[in-house]
Amino acid sequence: LAHFYKNNKSVVTEFILLGLSSSRELQLFLFFIFSVFYGAAVMGNILIILTVITDSRLHSPMYFLLSNLSFIDVCQATFATPKMIADFLSEHKTITFKGCMSQIFFLHVFGGSEMVLLVAMAYDRYIAICKPLHYMTIMSRRTCTVLVGVSWATGILHSASHLVFTIDLPFCGPNKVDNFFCDLPLVIKLACLDTYVFEILVLTNSGLLSLICFLLLLISYTIILATVHRQASGGTSRALSTLSAHITVVVLFFGPLIFIYIWPFESFTIDKFISVFFTVFTPLLNPMIYTLRNKDVKEAMKKLRNQHVGSKEAF
């Protein structure tokens, strides 16, 4: 990143974030609401991570991947939301050029990593349901580590490919971003040149990764559901319960992405709503979905709570 910043010749040193609303009263209300939502999202995902680490019954490939998803959700909720909350109390909502580029970088790192990790979780469920006798052999600790490593590597490469050309664009005048964080399509449009080719590159890059991951997920879950339907065994209801949680998370993640990339370079009020949903509500909903639909996680959390209460009483 330092190399990119050094070579940039832009006149613009900071961007103005227009945020979600210009109403002072509404901003104070949103400050309270998003502070609560952000705190709940971070605490909920950290609780899942701690639960998986501390309970030996959850030391399995599925929960290892789930804890990594929760870690990405903490990062995704944190790259822009704290600044948005602070800006609700600020008259001048500005961000430095470096800060703006960093937000773009981290948004695509976490977004790309989560997409690939959701595919890894679908692969885990495919092996568990379609090849149960070989599950522990195929989904070894090494395999799980490689899957997580690939998800992060994909996210970093995906993000770096955006940043390589964005960082060198000439920003020489307009610096108002109509959102609460530096959204790449909106920032590109502020450059002092014809950005059509760059807009197509962004759309192709992000759209291609999203499409590939979505198709892999669609194929995986179609095969899994067909297998579950054929088996019709006693474990079917439990398998469907686990699958429904995974599919719900996939829909919540890819639903907003579809809207974002259908109209990526136009300014609509719905874009801000989708941005909030992606950065705040999705990280908040994921732990709720997995805990409310998963008996093992609920029992492990109850055990963790009882241990904590017992240690406090002993103290």
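For the structure itself, consult the block above.
This structure is a prediction, so every number in the text was calculated from the model and none was measured.

Concerning the environment of Leu-89
Then, in step 1: When you line up the elements, Leu-89 lands in the loop between α4 (81-87) and β2 (94-96).
Then, in step 2: The class of Leu-89 is partly exposed, set by a relative accessible area of 43%.
Then, in step 3: Through-space distance from the C-alpha of Leu-89 to that of Arg-24 is 8.7 Å; in sequence the pair is 65 residues apart.

Details of the side chain of Ser-113
Then, in step 1: Within the secondary structure, Ser-113 sits in helix α5 (residues 97-130).
Then, in step 2: Here Ser-113 is in contact with Ile-72, Ser-151, Trp-152 and Gly-155, once residues within four sequence places are set aside.

Some points on the state of the cysteines
Formally, a disulfide is one covalent bond, and it connects the sulfur atom of one cysteine to the sulfur atom of another.
Then, in step 1: Per the stated rule, a full pass over the model turns up 2 disulfides.
Then, in step 2: At a sulfur-sulfur separation of 2.1 Å, the disulfide partner of Cys-100 is Cys-182. Across the S-S bond of Cys-100 and Cys-182 the torsion is about -125°, and the bridge reads as left-handed. Placement of the pair is Cys-100 in helix α5 and Cys-182 in the loop between β3 (176-177) and α8 (184-188), with a sequence separation of 82 residues.
Then, in step 3: A relative accessible area of 0% places Cys-100 in the buried class.
Then, in step 4: Through a disulfide, Cys-172 is tied to Cys-192; the S-S separation comes to 1.9 Å. Since a negative S-S torsion denotes a left-handed disulfide, the Cys-172-Cys-192 link at about -130° is left-handed. With Cys-172 in the loop between α7 (141-166) and β3 and Cys-192 in the loop between α8 and α9 (196-231), this pair connects stretches of sequence that are 20 residues apart.
Then, in step 5: With its bonded cysteines labelled in order along the sequence, the protein shows the pairing 1-3, 2-4.

About the criteria used
Residues numbered from 1 in each chain as written. Predicted model: local features only at pLDDT ≥ 70, side-chain atom pairs only at ≥ 80, totals over all residues. Heavy atoms only, no water. Helix = DSSP H or I, 4+ residues; strand = E, 2+ residues; numbered from the N terminus. Buried < 20%, exposed > 50% of the residue type's maximum accessible area, 1.4 Å probe, protein only. Contact = heavy atoms within 4.5 Å. Disulfide = S-S within 2.5 Å.

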